[in-house]
Amino acid sequence: MGVLVRIVLYAESKMLADQAAEDAYAEFQRLNDMMSDYDQDSELSKLCENGGCQKVSPDLFAVLKEAKYYSTISSGAFDITVGPMVKLWRRSRRQKVLPKQKYIDTAKELVGNHLWTLDEEKQSVTLLKKGMQLDLGAIAKGYAVDRAFEIIMKHGITTQLVDAGGDFRVGTAPPEKTGWRIDVDGENVLTQNIASATSGDRFQFVEIDAVRYAHIIDPKTGLGLTHHCTAHVSATTAMQADALASAACVLGKEKSRELETALNKQGQNVRIQVKESE
Ligand code: AMP
Ligand code: MG
């Protein structure tokens, strides 16, 4: 996942905390091995390589199902089929030149929420075009945080923080405190029982001809976002926060607010803050 994972636990004994942390880290490793698009042997890479209709593991199915949901509610701003565009972006970053239009056009043919389907009963996924590449970079980290969090809960530890490169989830407040003191974009907040994620162009970008292209892709243009934005999301689960933060960057301030309102009307407890600058 390319990030540092930090786990903080308050437990009855060090032994218990060590065991819980070890199991949680192992879960990160397991999910990384499954969902990495860098590793050609990951389940995700194999799925894309083989194409067509395939049964997938329960974890991968769970993430794909959520990814479909976020793609739908964000009108395609969030889209895990951006893989071919991400590959072009990574090449641009290495070579410091924009991809040729013909490569962008080829990538566009392989991107879209309508190009893949899920079958709940068969636990299968169908990729409708050959060459499609799914990229779970905007959601898998959140999923892993949630799974690690659950594993720690199973060890009986509720006072915990699981932080994967700034996307985190916290449990109950540490002893004699009213919350976890968290730094979110320079602001110090006290919080508990919540998940949070931050996305934006400050974290990874490539600059070409004085234009900054973020690592978050606008599926419509095939290029990294060029409007400067940072999105903070707090939500019940880290996966929600992770996916929504990435989506919010593509959607921009106005549409993100509409999405936030719609989700809260459905009873979800989400807060989406988007900061845009020139
Ligand atoms: P995050 O840091 O959570 O915002 O995730 C960014 C990563 O998600 C990128 O490095 C890509 O791997 C992937 N990605 C880029 N653009 C999109 C998009 N529009 N929808 C879903 N995933 C994306
Ligand atoms: Mg994300």
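Position numbers for residues count from 1 along each chain, tracking the sequence in the order it is written. Here chains are named by letter from A upward and ligands by number from 1 upward, in the order in which they appear as written. Given that this is a predicted model, residues contribute local features only at a pLDDT of at least 70 and side-chain atom pairs are listed and counted only at 80 or more, while totals for whole chains, interfaces and linings are drawn from all residues. Calculated side-chain values reflect all of the structure's heavy atoms, with hydrogen atoms and water omitted.

> Account for the coordination of the magnesium ion (ligand 2), naming residues and giving values.
Taken together, the protein ligands of the magnesium ion (ligand 2) are Ala138 (O), Asp242 (O), Asp242 (OD) and Ser246 (OG), with distances of 2.0 to 2.6 Å. As a motif over one chain, the donors of the magnesium ion (ligand 2) read A-x103-D-x3-S. Of this pair, aspartate 242 and serine 246 are both found in helix α7 (residues 238-265), four residues apart, which corresponds to roughly one turn of the helix. Accessibility here uses a 1.4 Å probe with only protein chains present; expressed as a share of the type maximum, an area under 20% marks a residue as buried, one over 50% as exposed, and anything in between as partly exposed. Assessed through its relative accessible area of 3%, aspartate 242 is described here as buried. On the basis of relative accessible area, serine 246 is assigned to the buried category, the value being 8%. Counted as coordinating are nitrogen, oxygen and sulfur atoms within 2.8 Å of the metal, or 3.2 Å for Na, K and Ca, while water is not included, which may make sites look incomplete. Helix and strand assignments come from DSSP, with helices taken as H or I runs of at least 4 residues and strands as E runs of at least 2, each series counted from the N terminus.

> Break down helix α2 (residues 43-50) for me, citing the residues and quoting the values.
Along α2, the residues that are buried comprise Leu44, Ser45, Leu47 and Cys48. For α2, the angular spread of buried residues about the axis comes to 160°, placing them on one side. Of the exposed residues in α2, the ones pointing more than 90 degrees away from its buried face are Glu49 and Asn50. Looking at the buried positions of α2, the neighbouring elements they touch are α1 (14-35), β2 (52-55), α3 (58-73) and β4 (124-127). An arc is given here, and it is the one of the directions from the helix axis to the C-beta atoms. By definition, residues are in contact when any of their heavy atoms lie within 4.5 Å.

> So what's going on with the packing of helix α6 (residues 140-154) against α7? Which residues, and what values?
Relative orientation of the contacting elements α6 and α7 amounts to 165°, with a least axis distance of 7 Å. One finds that α6 runs roughly antiparallel with respect to α7. Pair α6 / α7 crosses with right-handed handedness. On α7, the residues touching Ala140, Lys141, Gly142, Tyr143, Val145 and Asp146 of α6 are Ala238, Met239 and Asp242. Taken together, the residues that form the contact of α6 with α7 break down as five nonpolar, one polar and three charged. Lines fitted to the C-alpha atoms define the axes, with helices restricted to the stretch that makes contact. Angles between their N-to-C directions range from 0 to 180 degrees. With respect to orientation, any angle under 35 degrees is reported as roughly parallel, any angle over 145 as roughly antiparallel, any angle of 65 to 115 as roughly perpendicular, and every other angle as oblique. Crossing handedness is read from the near helix: turned anticlockwise from the far helix by less than a right angle, it gives a left-handed crossing, and turned clockwise, a right-handed one. Put simply, Ala, Val, Leu, Ile, Met, Phe, Trp, Tyr, Cys and Pro go in the nonpolar bin, Asp, Glu, Lys and Arg in the charged bin, and everything else, Gly too, in the polar bin.

> An account of the sheet that holds β2 is requested, with residue identities and associated values reported.
Taken together, three strands build an open sheet; the order of strands is β2-β4-β3 and the sheet is antiparallel. At either margin of the open sheet sits one strand with a lone partner, and together these are β2 and β3 (116-119). Taken pair by pair, the neighbouring strands of this sheet meet at an average axis angle of 15°, ignoring direction. Strands were regarded as paired on the criterion that DSSP finds at least two bridges between them. Inspection of the sheet shows β2 paired to β4 by four bridges, in the antiparallel sense. When the sheet's bridge partners are listed, glutamine 54 is paired in β4 with valine 125. Lying on the sheet, α2 is in contact with β2 and β4; it crosses β2 at an angle near 150°. With respect to the sheet, α3 is in contact with β3 and β4, its orientation differing from that of β3 by roughly 125°.

Any link to function would need more than the numbers given here.
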